[in-house]
Amino acid sequence: MQATQLGFIGLGIMGQPMVMNLLKAGFPVTVYNRTTSKTEAAVAAGAARAYSPREVAEKSEIIITMVTDSPDVVDVIAGSEGVLQGLRPGAVVIDMSTISPSVTRRLALEIEKQGGDMLDAPVSGGDTGAKAGTLAIMAGGKAEVFERCLPVFRALGKSMTLVGGHGMGQTVKLCNQILVSVNNLAVCEAVQFARRAGVDANIMIEAVKNGAAGSWQLNNLGPRMVASDFAPGFMIDLQQKDLALALEAAREMKLPSPALALVAQLFNGCQAHGEGREGTQALIKSLQRLGNMH
Ligand code: NAP
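Residues numbered from 1 in each chain as written. Predicted model: local features only at pLDDT ≥ 70, side-chain atom pairs only at ≥ 80, totals over all residues. Heavy atoms only, no water.

**With respect to helix α7 (residues 143–156)**
Phase 1 of the analysis: Taking 1.5 Å of rise per residue, 14 residues should cover 20 Å, and α7 covers 19 Å from first to last C-alpha, within 8% of that figure.
Phase 2 of the analysis: Of all the bends in α7, the greatest reaches close to 50 degrees and is centred on L150; the proline P151 follows between one and four positions later.
Phase 3 of the analysis: Restricting attention to buried positions, one finds in α7 the residues V145, F146, C149, L150, V152, F153, A155 and L156. (Helix = DSSP H or I, 4+ residues; strand = E, 2+ residues; numbered from the N terminus. Expected span 1.5 Å × (residues − 1). Bend = angle between axes of the 7 residues up to and from the residue. Buried < 20%, exposed > 50% of the residue type's maximum accessible area, 1.4 Å probe, protein only.)

This is how it looks when you write it as structure tokens:
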């Protein structure tokens, strides 16, 4: 049986290693990136280069998009040189970027009108997960389309879950971001509390991390806060994009999300101090300024 022809649009920090894993799994892949130079490594590894999203769609049965935000996904799918201009009948578009659930649902309708299908399949696991092929993939769309795309997901991730219909993958990704960011604030507060009271914050972390308060954020970000290591694993600017999407979705649903709003406001303060490109653990700097602790 001939391997499924794949297309991939957006070879950034996440997209580049994902393409490499698809090639390693034996898929033929046609790639497009707005900045052409970023396709060189993939082409050297065997990918075919296209010069527009339309051209990718003309050559592919399954097209993956991995770009920045909602307007960018709209651009590469529904723009004048977009995927919809070249979509083959029965083709599937999988958007793996983190974007708005409502924009996703609109795009899914447009793609279905043109005889294709869409899955939203955002990921968590960062660039390390993208490189290792261990991403967590949360998908929204039709079950039969998800089944058809499983071989592709298996080349990219270690867990893949169909969580509901169109937009629900994005919704679950935003739940992930609420959990991560509110927990981040709890870690900042506990570290500040320990310091002000005169306890060594590293000892506090050691003492509580195997109990009910243990978490990924505490284990990974806590020690970096204490060491004033603000190098990015995940940048504040990108986190703010995701929190804005979550707050917008909460507003659309008329759902109060007070803790989420508070974290986004404190991150605004970090951005105002030029810390947008630092890691999310730099949230603690907002609390240090409020508490007059430097
Ligand atoms: P990135 O390195 O900034 O890459 C973004 C890619 O999108 C680049 O290839 C860029 O092209 C392309 N792009 C942006 N706007 C475009 C447009 N209007 N038209 C055409 N191409 C466009 O970002 P990333 O870290 O790979 O993130 C990609 C997505 O994954 C985002 O939605 C992000 O939230 C999500 N995500 C990221 C992480 C992470 O740890 N980085 C983790 C989970 C999820 P150029 O090269 O020309 O700029």
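**Quick word on the site of the ligand**
Phase 1 of the analysis: Among the 23 residues in the neighbourhood of the ligand, the closest are listed as I13, N33, T35, K38 and T68.
Phase 2 of the analysis: Between a nitrogen atom of the ligand and a side-chain N or O atom of D72, the distance comes to 3.1 Å.
Phase 3 of the analysis: Within the complex, 87% of the 900 Å² of free accessible area of the ligand lies under protein.
Phase 4 of the analysis: Contributing elements (two or more residues each) for the shell around the ligand: α4 (70–78) and α6 (126–132).
Phase 5 of the analysis: A total of three residues in the shell around the ligand trace back to one element, the largest contributor, which is α4. (Near = heavy atom within 4 Å. Polar contact = N/O pair within 3.5 Å; in protein donor to acceptor, adjacent residues only side chain to side chain. Areas by Shrake-Rupley, 256 points an atom, 1.4 Å probe, with all protein chains shown as cover.)

**Points about the pattern of salt bridges**
Phase 1 of the analysis: Per the counting criterion, the structure on display carries 11 salt bridges.
Phase 2 of the analysis: Salt-bridge contacts for D117 lead to K142; the nearest nitrogen and oxygen are separated by 2.7 Å. Of the two residues, D117 is situated in strand β6 (residues 117–120) and K142 in the loop between β8 (135–140) and α7; the sequence distance between them amounts to 25 residues.
Phase 3 of the analysis: With a relative accessible area of 17%, D117 lands in the buried category.
Phase 4 of the analysis: Beyond isolated ion pairs, a larger network of salt bridges with shared partners links E275, E278, K285 and R289. (Salt bridge = Lys/Arg side-chain N within 4 Å of Asp/Glu carboxyl O.)

**Details of helix α5 (residues 101–113)**
Phase 1 of the analysis: Here α5 contains 13 residues, and its C-alpha end-to-end distance of 19 Å stays within 8% of the 18 Å for a straight helix at 1.5 Å per residue.
Phase 2 of the analysis: A positive phi of about 90 degrees marks G115, the residue just after α5.

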